[in-house]
Amino acid sequence: MMLMEETAVPLAALPLAEFKAHLRLGTGFSDGDIQDPVLESFLRAALAAIEARTGKVLLEREFSWVLSGWRDAQGQVLPVAPVSAILRLALRNRDDEEEVIAPSLYRLERDAHRPVLRPAGTLLPSIAPGGVAEIVFRAGYGAGWKDLPSDLAQAVLMLAAHYYEYRHETGLSGGCMPFGVSSLIERYRTVRLLGGGAR
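What you are looking at is a predicted structure, and each value in this text was computed from that prediction instead of being measured.

Asks: Any details on the sheet that holds strand β1 (residues 2-5)? Residues and values, ideally.
Replies: Here 5 strands make up an open sheet; going across it, the order is β1-β2-β8-β4-β5 and the pairing antiparallel. The open sheet terminates on both sides in strands that have one partner only, identified here as β1 and β5 (98-100). The mean inter-strand angle of the sheet, taken between neighbouring strand axes irrespective of direction, is 25 degrees. Where β1 lies against strand β2 (residues 61-67), 4 bridges are found, and the strand directions are antiparallel.

Okay, here's the thing in C-alpha cells:
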C-alpha cells in the first residue's frame, strides 16, 4: 500500500499572521517578513506531525492510494480522515492496463475517524492477481485555516512554536510532542485494535 499526497498545502492557507501573533513577534518593521520562510517551515512540520499522530488531514488536499488487495471487499477503510470526495477509482492489472470504475458502482461512507469506500452493490470490483487498485480522494477539514476545529488549530500553533523555540536544540528525543499539544489532539487519534485490523 502506498499513500501519496497529490497536492500540497498552499502558502496562502498557512496561518503566518496568527503564528507571528502567537510568537509575539514585532510587526510594522520594513524587514518584518524576513523570517516568513522559517516560520512556514515550522508550520508545515507541525501540520505533518499532528497529521501523522492523528491520521487526520487538517488542510484540504488530494491524495492517491494504491493497494494490491481489499482488506474487506464489502467496504475498504480509507487511510486518513475526514474524506470529502472520492475523485477516481481505477484498477490496473499486472500489464499496467487500466480500467476506470464508474462512480455509480461505489460510494463514500463519511466518518470523522474511519471513512469507507463502499460498493453500490455487494462487493467492490475485484483486483486481478498482481494488479492494484488506485483510489484518488480529497481529504481535509477545509481549504482554509478557519475551517479547522479550534483545538487542532491551537495544537498546530503550539507545536510550531515549540519547534521555533527549540530550533537550535539537538538533544530533544525523536517524536517529541509537548504535553499541551498531546492533550489537544488526543480525542482525534484513531484507536487501532488488533494491530489495525479491526473495523
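Asks: Tell me about the confidence of the model for the chain, and name the residues and values.
Replies: Confidence in the prediction for the chain averages 89 pLDDT; 88% of positions are at 70 or higher. Considering only residues more than four positions removed or in separate chains, one finds that residues 193-199, a stretch of pLDDT under 50, has 9 contacts.

Asks: Quick one: what's the story with the sheet that holds strand β3 (residues 76-77), residue by residue and with numbers?
Replies: With antiparallel pairing, the 3 strands of this open sheet are ordered in space as β3-β7-β6. Of all strands in the sheet, those bounded by a partner on one side alone are β3 and β6 (106-109). Relative to strand β7 (residues 116-119), β6 runs antiparallel, the two being bridged by 4 bridges. Across the sheet, residue R107 finds its bridge partner in β7, namely R118.

Asks: Any details on the side chain of T54? Residues and values, ideally.
Replies: Topologically, T54 is positioned in helix α2 (residues 36-54). With relative accessibility at 3%, the residue T54 sits in the buried group. At 3.1 Å, the side chain of T54 and the backbone nitrogen of K56 are in polar contact.

Asks: I'd like a description of the side chain of Q76, backed by residues and values.
Replies: Of note, Q76 is situated in strand β3. Aside from chain neighbours lying at most four places away, what touches Q76 is W65, L67, G69, W70, R71, P115, V116, L117 and L124.

Asks: Account for the packing of helix α1 (residues 16-23) against helix α3 (residues 150-165), naming residues and giving values.
Replies: Contact geometry for α1 and α3: axes closest at 10 Å, N-to-C directions at 60 degrees. By the criterion of interaxial angle, the relationship of α1 to α3 is oblique. The element α1 and its partner α3 pack so that their crossing is right-handed. Note on element contacts: α3 touches α1 through Q154, L157, M158, A160, A161, Y164 and E165, opposite E18, F19, H22 and L23. Considering only residue class, the contact of α1 with α3 consists of 7 nonpolar, 2 polar and 2 charged.

The rules we used
Residues numbered from 1 in each chain as written. Predicted model: local features only at pLDDT ≥ 70, side-chain atom pairs only at ≥ 80, totals over all residues. Heavy atoms only, no water. Pairing = 2+ DSSP bridges. Helix = DSSP H or I, 4+ residues; strand = E, 2+ residues; numbered from the N terminus. Axes fitted to C-alpha atoms, helices over the stretch in contact; angles between N-to-C directions. pLDDT = per-residue confidence, 0-100. Contact = heavy atoms within 4.5 Å. Buried < 20%, exposed > 50% of the residue type's maximum accessible area, 1.4 Å probe, protein only. Polar contact = N/O pair within 3.5 Å; in protein donor to acceptor, adjacent residues only side chain to side chain. Parallel < 35°, antiparallel > 145°, perpendicular 65-115°, else oblique. Left-handed = near helix turned anticlockwise from the far one by under 90°. Nonpolar A, V, L, I, M, F, W, Y, C, P; charged D, E, K, R; others polar.

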